[in-house]
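In case you want the letters, here they are:
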Amino acid sequence: MNMAMTNVAAGQYAIPRRVGSHRARAVTNGVMTGLCAAAVALALVPLFSVLWLVVSKGIHSLSLSFFTKLPAPVGELGGGVGNAIVGTLFMVGLASCIGLPLGVGAGIFLAERGDGKLGHVVRFTAEVLAGVPSIVVGVVAYGLIVLPMRHFSAMAGAVALAILMIPTLARATEEMIRLVPRSLREASLALGVPAWRTSLSVVLRTALGGLINAALLAIARAAGETAPLLFTALNNQYWNLHPLQPTASLTVQIYNYAISPYEDWHDKAWGAALCLLILIGGLSLIARLAAGRRSQA
Amino acid sequence: MNVALSTPVADTARPKLEVQKLDAWFGNVHAVKDISLGVDARSVLAIIGPSGCGKSTFVRCLNRMHELTPGARSEGRVLLDGEDVYAVDPVYLRRRVGMVFQRPNVFPTMSIRDNVVAGLRLNRVRADYEAIVERTLTQTALWDEVKDRLDASAIALSGGQQQRLCIARALAVEPEVLLMDEPASALDPIATAKIEELIDELKQQYTIVIVTHNMQQAIRISDKTAFFYMGVLIEHGTTQQLFTRPERRETEDYVTGKFG
Amino acid sequence: MASGADTPRHAHLGDRAFAAGITLLGGAVLLVVGIIVVACARLSAPAFAKLGFFRFLTGSDWNPVEDSFGALPFIYGTLVTSAIAIVVAMPVAIGLALFLTEMSPSRVRRFVSFFVEILAAIPSVVFGLWGLMVLVPILRDVVEPALQHRLGFLPLFQGAPMGIGFLPAGIVLAIMILPTIASVTIEVLRTMPAALREGALALGATRWEAIGAVVLPYARRGIMGAVILGLARALGETMAVTMLIGNQPEIHGSLFAAGYSLPSVIANEFAEASGAVHTGALAGLALVLFGVTLMLSASARLLVRLSARRLVAA
Ligand SMILES: Nc1ncnc2c1ncn2[C@@H]1O[C@H](COP(=O)(O)OP(=O)(O)O)[C@@H](O)[C@H]1O
Ligand SMILES: [Mg+2]
């Protein structure tokens, strides 16, 4: 930095009058702009590296049987992650059944009656809850479900994922509902429509595109969670669609393959990672389309 | 037009809508001060006055929309056919007293057709929706313009068309009174002319209270005019008398453009 | 009025039921926090009863076979990796946020924001995989030997370069918290009235001088909040750290050494914990993690809000 920038105090204009030459100041400006641009590049390098490697290394593993077969034992060729894909979809589906109504409902509360004391407390709690580590939520689901049932289960995993969905979904829902112009609510009320039906059939209906967007993003995030599944859903070498049985998931499968010492399992880890990114990317893409349709509307 | 539509023929002596000593506040802001006036059945009352003088607040008291604003309250009586509107349920009241807002506020997720019948559908009223759509859109002179695209989104319409759609939507609920808060202020002159024609038609059936900042408009469409200033009703009389022989100094200054 | 419509009675019942329903759902958020506290506390009770809270926190020996549980190595590992993450991520994230809000045309802004969103959406376990297969070899064969060669006199860079350990875990954490810090910082910078910035520019300041004189001082608290949020995220991040830190419950001064973190030990041992005390000790670690991240996110949110409020008032 140059002399021009000394003496900068908070909130006080410290624009130099005649300190430092124009040239020096311009150079500083250029250098700092360059550094900030470099920060952008630096942030994007790992992203492109991750994406490139997942695609280039994962693409070889992808085949029909990779999507449809059970995992093969070490050394055996072939095998797939079909059960893990199904397990992830199954648990995320279960979690949505619990998490979506709770999260969206809390968001409706925040938007409709959130200006009171309880509203402020709930909003702040949701914000803070969003920062709770997912592993802690896994411990909670273990205590709530696995321990009493004495069994690892898809349900326990789903409960953990549902808890993780609630806070972000609540805040996003509130934001979407508050974007609906007040004039629409008034239009409906002036037609003699009761307030509750106005909220549901007009306001919520108008915010629907945004809600779908938020819900899909929450689902995509849940699909990428690993830590809270490790000791709730555990894992399973076989197909399972029973909510009270241990269940495989793509993420836990990636983890197991990645930390194994076997080359061919590493390849499968990349393949499974590609599957996961395709799943998450697809959900986010649909979410974007839903949001785009809304902004057009 | 339709026999079933006719409003109960009250004795002509009693106004359709009667306001007695109405006061309204937003928190500490006293927006409407001790206003009393009557509106005859099937007539048009125009409310004029400089902006911020309480016109919107006043009409929003008539269908109890005012109380929906946080911190807002009101005192006094509003009688609809002699019955105090503050004694009946507001939801029910608003079906009898329709409202059209300053900016067209069609429901963006609904088609033109669904917008018209929204009030009926949301209130679970069973009726011949097709007939109502055609009738109200014809009434609002919109039918010929949109009859081929009733299922298109309502936001594809122009501003003027949207506002007439909002009027059709209000009419579909079959109100007795129609409140209009500067319904043409966001529209171009041609659309405004259409709305004015429409109001002239509508007063055959409905009692209309219209807020306008445009004095020429008040002269063209209204039977009576009320002049508000700083929340107070300064003068109220037939439109012709109020604009040609105002009794009060403030009114004269306002209608001759000395302020406002 | 036509027949079949809702009666007013219906409307009131509906309003009341609706209000009660959504209030209940809003209250569920509070309930969830309650459940988290109660579940962790109940699970960890046996461990605290046996070991005592303070001894548990300060003990440095972790040996499930002998029922000896001390949290210190994990707290240490968590703090070291998070510190690395903050030191690396903070300047990059703030530089990126400044570039996007202050220096770049809107087309670039949308393009980069899109990729930052993608970065935030990549699952932890994929970063772990990438770290293990890509970052670790580079650190082991290139970066760590070079650091040792140049700065080997510092205790931070001593010991055999293994690739695995505090350093890769911290670096991957940095990548993962970067979107958090950047997006909250951008959010804060956006709330700043354009008039302030333009005021400085109109006085003849260069862009960078305007940032130094007006933008940063005004956004200071909000940016601090953003960094604390990033820190909270780093403390609780599990998978990538578990795959990279080496999983040794030991305390070493060198960044090349293997260690362990709070989330990692829970991830590794919880499913196969031997008995109530072991499970309890792990749940106790979760409780500590919960408490710390809760306080951090609460203070961060307050800072961001205060910052926004001050801007509005200004
Ligand atoms: N939501 C509100 N909160 C507080 N004061 C308001 C609100 N709406 C209007 N007012 C105040 O009430 C007075 C009357 O407003 P309004 O009825 O909208 O005037 P008009 O429609 O004649 O322009 C004004 O002084 C205005 O500032
Ligand atoms: Mg007005």
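About the thresholds
- Residues numbered from 1 in each chain as written.
- Chains lettered and ligands numbered in written order.
- Predicted model: local features only at pLDDT ≥ 70, side-chain atom pairs only at ≥ 80, totals over all residues.
- Heavy atoms only, no water.
- Domains from an automatic or database assignment.
- Contact = heavy atoms within 4.5 Å.
- Buried area = accessible area lost by both parts, 1.4 Å probe.
- 1 Å grid on protein atoms, 1.4 Å probe; cavity = no way out; pocket = protein on both sides within 12 Å on 5 of 7 lines; lining within 4 Å.
- Points joined across faces, edges and corners; volume = space filled by probe spheres on them.
- Helix = DSSP H or I, 4+ residues; strand = E, 2+ residues; numbered from the N terminus.
- Nonpolar A, V, L, I, M, F, W, Y, C, P; charged D, E, K, R; others polar.
- Pairing = 2+ DSSP bridges.
- Phe/Tyr/Trp six-rings, centres within 6.5 Å; stacked < 30°, edge-to-face > 60°.
- Near = heavy atom within 4 Å.
- Polar contact = N/O pair within 3.5 Å; in protein donor to acceptor, adjacent residues only side chain to side chain.
- Areas by Shrake-Rupley, 256 points an atom, 1.4 Å probe, with all protein chains shown as cover.
- Expected span 1.5 Å × (residues − 1).
- Bend = angle between axes of the 7 residues up to and from the residue.
- Buried < 20%, exposed > 50% of the residue type's maximum accessible area, 1.4 Å probe, protein only.
- Axes fitted to C-alpha atoms, helices over the stretch in contact; angles between N-to-C directions.
- Parallel < 35°, antiparallel > 145°, perpendicular 65-115°, else oblique.
- Left-handed = near helix turned anticlockwise from the far one by under 90°.
- Salt bridge = Lys/Arg side-chain N within 4 Å of Asp/Glu carboxyl O.

**As for the domain arrangement of chain A**
For an interface, size is often stated in terms of accessible area lost upon the parts coming together.
Residues and elements named next belong to chain A.
Part 1 of the reasoning: Under the domain assignment used here, chain A contains domain 1 (2-61) and domain 2 (64-296).
Part 2 of the reasoning: Computed from C-alpha coordinates alone, the two centres of domain 1 and domain 2 are separated by 36 Å.
Part 3 of the reasoning: At the interface, eight residues of domain 1 touch eight residues of domain 2.
Part 4 of the reasoning: Carbon and sulfur atoms supply 82% of the area that domain 1 and domain 2 bury against each other, a total of about 650 Å² over both sides.

**Thoughts on the layout of surface pockets**
Part 1 of the reasoning: Taken as a whole, the second largest pocket encloses approximately 910 Å³ of empty space.
Part 2 of the reasoning: If you trace the second largest pocket, you find 33 residues lining it, with Glu112, Arg182, Arg185 and Ala195 of chain A together with Leu68 of chain B closest to the centre.
Part 3 of the reasoning: Listed by contribution, the elements that provide at least two residues to the lining of the second largest pocket are α3 (82-113), α6 (154-179), α7 (182-190) and α8 (195-206) of chain A, α2 (90-96) of chain B together with α1 (8-51) of chain C.
Part 4 of the reasoning: In terms of residues, the lining of the second largest pocket owes the most to one element, α1 of chain C, which gives six residues.
Part 5 of the reasoning: In terms of residue class, the lining of the second largest pocket is made up of 18 nonpolar, four polar and eleven charged.

**So, the pairing of strand β10 (residues 232-238) of chain B**
Residue and element names in this part refer to chain B.
Part 1 of the reasoning: In this sheet, β10 lies alongside strand β9 (residues 224-229) in antiparallel orientation, the contact comprising six bridges. In the strand pairing of β10, Tyr229 is matched with Val232.
Part 2 of the reasoning: Linking β9 back to β10 in an antiparallel pair, the connection comprises two residues, with Met230 at a positive phi of about 50 degrees.

**Comments concerning the packing of aromatic side chains**
Given two aromatic rings, their pairing is described by the distance between the two centres and the angle made by the two planes.
Part 1 of the reasoning: Going through the model one piece at a time under the given rule, you end up with 18 aromatic pairs over all chains.
Part 2 of the reasoning: Aromatic side chains Tyr142 of chain A and Phe270 of chain C sit 4.5 Å apart centroid to centroid with 90 degrees between the ring planes, which places their arrangement in the edge-to-face category. In this pair, Tyr142 of chain A sits in helix α5 (residues 134-149) while Phe270 of chain C sits in the loop between α10 (262-269) and α11 (275-313), so the two residues belong to two different chains.
Part 3 of the reasoning: Here the aromatic rings of Phe74 of chain C and Tyr260 of chain C are separated by 5.3 Å at their centres, their planes lie at 65 degrees, and the arrangement is edge-to-face. One end of the pair, Phe74 of chain C, is in helix α3 (residues 72-103); the other, Tyr260 of chain C, is in the loop between α9 (239-244) and α10, with 186 residues separating them in the sequence.

**So, the site of ligand 1**
Residue and element names in this part refer to chain B.
Part 1 of the reasoning: Neighbouring ligand 1 are Phe26, Ala31, Ser51, Gly52, Cys53, Gly54, Lys55, Ser56, Thr57 and Thr69.
Part 2 of the reasoning: Contact between ligand 1 and Ser56: an oxygen atom at 2.6 Å from a side-chain N or O atom of the residue.
Part 3 of the reasoning: At 2.4 Å from an oxygen atom of ligand 1 is found a side-chain nitrogen or oxygen belonging to Thr57.
Part 4 of the reasoning: Coverage of ligand 1 by the protein amounts to 60% of the 560 Å² it exposes when considered alone.

**Some remarks on helix α5 (residues 124-151) of chain C**
Part 1 of the reasoning: Its 28 residues give α5 of chain C an end-to-end C-alpha distance of only 31 Å, which falls more than 12% under 40 Å, the value for a rise of 1.5 Å per residue.
Part 2 of the reasoning: The largest bend in α5 of chain C is about 50 degrees, located at Leu139 of chain C.

**What about the environment of Gln204 of chain B?**
Residue and element names in this part refer to chain B.
Part 1 of the reasoning: Mapped onto the fold, Gln204 is located in the loop between α8 (189-202) and β8 (207-211).
Part 2 of the reasoning: Classification of Gln204 as exposed rests on a relative accessible area of 56%.
Part 3 of the reasoning: Through-space distance from the C-alpha of Gln204 to that of Val44 is 10.0 Å; in sequence the pair is 160 residues apart.

**Thoughts on the packing of helix α7 (residues 159-172) of chain B against α8 of chain B**
Residue and element names in this part refer to chain B.
Part 1 of the reasoning: Contact pair α7 / α8: the axes reach a minimum separation of 9 Å and the direction vectors enclose 20 degrees. It follows from the interaxial angle that α7 and α8 lie roughly parallel. The two elements α7 and α8 cross, and the hand of that crossing is right-handed. Taken together, the residues of α8 that come into contact with α7 (itself represented by Gly160, Gln163, Arg164, Ile167 and Leu171) are Ala191, Lys194, Ile195, Leu198 and Leu202.
Part 2 of the reasoning: Across the contact of α7 with α8, the residue classes tally to six nonpolar, two polar and two charged.

**Concerning the interface of chain A and chain C**
Part 1 of the reasoning: With 89 residues of chain A at the interface, the matching set in chain C holds 84 residues.
Part 2 of the reasoning: For the pair chain A and chain C, the summed buried surface comes to about 7200 Å²; carbon and sulfur atoms form 81% of the total.
Part 3 of the reasoning: For the interface between chain A and chain C, the tally reads three salt bridges.
Part 4 of the reasoning: Linking Glu117 of chain C and Arg288 of chain A is a salt bridge whose minimum nitrogen-to-oxygen distance equals 3.1 Å.
Part 5 of the reasoning: Put simply, chain A and chain C have eight residue pairs in polar contact (both at pLDDT 80 or more) between them.
Part 6 of the reasoning: The biggest single contributor to the side of chain A that touches chain C is helix α1 (residues 22-58) of chain A, with 20 residues.
Part 7 of the reasoning: Of the residues assigned to the side of chain A that touches chain C, the class counts are 67 nonpolar, 15 polar and seven charged.

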